[in-house]
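Summary of the model geometry
Residues per chain, in single letters:
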Amino acid sequence: MKKIALLAIAASVVLASCAGNPEGKKAETTDSVETTAPAVEGVAYTVDAAASKVEWTGTKVTGAHHGVINITSGSLTTDAGKIIGGSFVLDMNTISSTDLEGEWKEKLDGHLKNEDFFDVAKFPEAKFDITSIAAGAAADDVKVSGNLTIKGVSKNISFDAKVLELTDAVVKVNADFNIAREDWGVSYSGKEDDLISKEINFKVSLTAKK
């Protein structure tokens, strides 16, 4: 019986440690870097908050949760048919789950907003400032680097993005990447028998217009 009990404990420990990360390529992460103005003035486009969004996914041993965060403002700058700079701001008070309803949704949304996660009362905004953009493998692919600020912590991240449209009137860009949440002080581990993944996935859809 003692052996069976020990095996059960070992099994529970293994289960608790198997919170696989959500699908997505992890962004390269370094210390934040100084932002500088583009070498040329370029053409400015204003982010259309209503047409833009950030979707998040977090996983745990027993499943996953999905949700959104509203973009409140931002801009993109282009020159000669290429994006050369930009930034956008997130309203962390709007972080919410989309896979739950009723009481369970209220509980999760409230937990995401408190000190265990994003502490939105103290840090109501998150921000991303582009520091460089390099060409990708295909004509519409780019590698974006920028300072991501969450909970007052800034880290420079690099990830792949795709330029869906770039005209005189509109710019549309999508990106899909993971970050290690503990790098920004989001270190709540979850319940002992239902640990939360170390990474969060973000899917960013930006539409900017003149």
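The structure this text deals with has already been given above.
Residues numbered from 1 in each chain as written. Predicted model: local features only at pLDDT ≥ 70, side-chain atom pairs only at ≥ 80, totals over all residues. Heavy atoms only, no water.

1. Digging into the overall build of the protein
Note the threshold: Numbering of helices and strands runs from the N terminus, with a helix taken as a DSSP run of H or I at least four residues long and a strand as a DSSP run of E at least two residues long. Accessible area is worked out with a 1.4 Å probe on protein chains only. A residue is then buried under 20% of its type maximum, exposed over 50%, and partly exposed in between. Areas reported here follow the Shrake-Rupley algorithm with a probe of radius 1.4 Å; residue values treat only the protein chains shown as occluding.
For the protein, the helix and strand inventory stands at two helices and eleven strands. Its helices and strands taken in sequence order, the protein reads α-β-β-β-β-β-α-β-β-β-β-β-β from the N to the C terminus. Seen through its principal axes, the protein has C-alpha atoms that stretch 75 × 35 × 30 Å. Out of the 210 residues belonging to the protein, those deemed buried represent 39%. Just so you have it, the protein exposes about 11,600 Å², and 55% of that area is on carbon and sulfur atoms.

2. A word on the packing of aromatic side chains
We apply this condition: Stacked, edge-to-face and tilted labels apply to pairs of Phe, Tyr and Trp rings (six-membered ring for Trp) whose centres lie within 6.5 Å, assigned for plane angles under 30 degrees, over 60, and everything in between, in that order. Charge-over-ring contacts are defined here by two conditions on Lys NZ or Arg CZ: a distance within 6 Å of the ring centre and an angle within 35 degrees of the ring normal.
Scanning the model with the defined rule gives five aromatic pairs in all. Seen from their ring centres, F88 and F128 are 5.8 Å apart, and the 40° between their planes marks the pair as tilted. Highlighted residues: F88 in strand β5 (residues 82-97) and F128 in strand β6 (residues 125-135), separated in sequence by 40 residues. F128 carries the same exposure label as F88, and that label is buried. One aromatic cluster in this structure is built from F88, F128, F159, F177 and F202. For the cation-ring pair, K107 lies above W104, with the distance from its terminal atom to the ring centre recorded as 5.0 Å.

3. Description of the pattern of salt bridges
Under the convention used in this document: Salt bridges, as used here, are contacts in which a Lys or Arg side-chain nitrogen is within 4 Å of a carboxyl oxygen on Asp or Glu.
With the rule as written, the count across this model stands at 14 salt bridges. One salt bridge connects E103 with K107, and the closest N-O pair in it is separated by 3.2 Å. Here E103 and its partner K107 are both found in helix α2 (residues 102-113), four residues apart, which amounts to about one turn of the helix. The exposure class assigned to E103 is exposed, which follows from its relative accessible area of 51%. One salt bridge connects D140 with K162, and the closest N-O pair in it is separated by 3.6 Å. Of the two residues, D140 is situated in the loop between β6 and β7 (141-150) and K162 in strand β8 (residues 153-166); the sequence distance between them amounts to 22 residues.

4. Brief notes about unusual backbone geometry
Although it is not a glycine, A80 sits at a positive phi angle of roughly 55°. Its identity as a non-glycine residue notwithstanding, K151 has a phi of 55°, on the positive side. One can find K151 in the loop between β7 and β8. With relative accessibility at 15%, the residue K151 sits in the buried group.

5. Brief notes about the nonpolar core
Selection criterion: Here, nonpolar core refers to any group of buried Ala, Val, Leu, Ile, Met, Phe, Trp, Tyr and Cys residues whose side-chain atoms link them within 4.5 Å. Residue contacts follow a heavy-atom distance rule, with two residues in contact if any of their heavy atoms lie within 4.5 Å.
Ranked by size, the top nonpolar core spans 41 residues in total, and within it F118, I157, F159 and F177 carry the most contacts. In this view, F177 contacts K25, A27, I157, F159, I200, N201, F202 and V204; residues no more than four positions away in its chain are not counted.

6. Focus on the pairing of β8
Quick note on the threshold: Two strands are said to pair when DSSP picks up at least two bridges between them.
Sheet analysis places strand β1 (residues 28-31) next to β8, joined by four bridges and oriented antiparallel. Its bridge partner being in β8, E28 is matched across the sheet by S158. In the sheet, β7 pairs with β8 via ten bridges, with the strands oriented antiparallel. Across the sheet, the residue bridging to N147 is N156, located in β8. If you look at the hairpin formed by β7 and β8, you'll find two residues sitting between the two strands, and K151 has a positive phi there, around 55°.

7. Digging into the side chain of E199
This is how the line gets drawn: Charge convention: Lys and Arg are scored as positive, Asp and Glu as negative, and His as well as the terminal groups of each chain are ignored. Under this definition, polar contacts are N or O atom pairs within 3.5 Å; protein pairs additionally need one hydrogen-donor-capable and one acceptor-capable atom, and for neighbouring residues in sequence, both atoms have to be side-chain atoms.
Here E199 shows up in strand β11 (residues 194-209). Summary of buried charges: E199 has no salt-bridge partner, and the nearest side chain of opposite charge, K26, is 5.4 Å away. Here the side chain of E199 touches N178 through a polar contact of 2.9 Å, side chain to side chain. If sequence neighbours within four positions are ignored, E199 has contacts with N21, P22, K26, N178, I179 and A180.

8. So, α2
Going by this rule: An expected span of 1.5 Å times one less than the residue number is assigned to each helix.
The end-to-end C-alpha distance of α2 is 17 Å, a good match for the 16 Å that twelve residues give at a rise of 1.5 Å each. In this structure, the buried side of α2 is in contact with β3 (53-60), β4 (63-79) and β5.

9. Here we look at the environment of G42
Positionally, G42 belongs in the loop between β1 and β2 (43-47). Among the residues examined, G42 registers a relative accessible area of 30% and is labelled partly exposed. Separated by 42 residues in the primary sequence, G42 and I84 place their C-alpha atoms 7.8 Å from one another. Sequence-distant contacts of G42, that is, excluding residues within four places in its chain, are made with T77, T78, D79 and I84.

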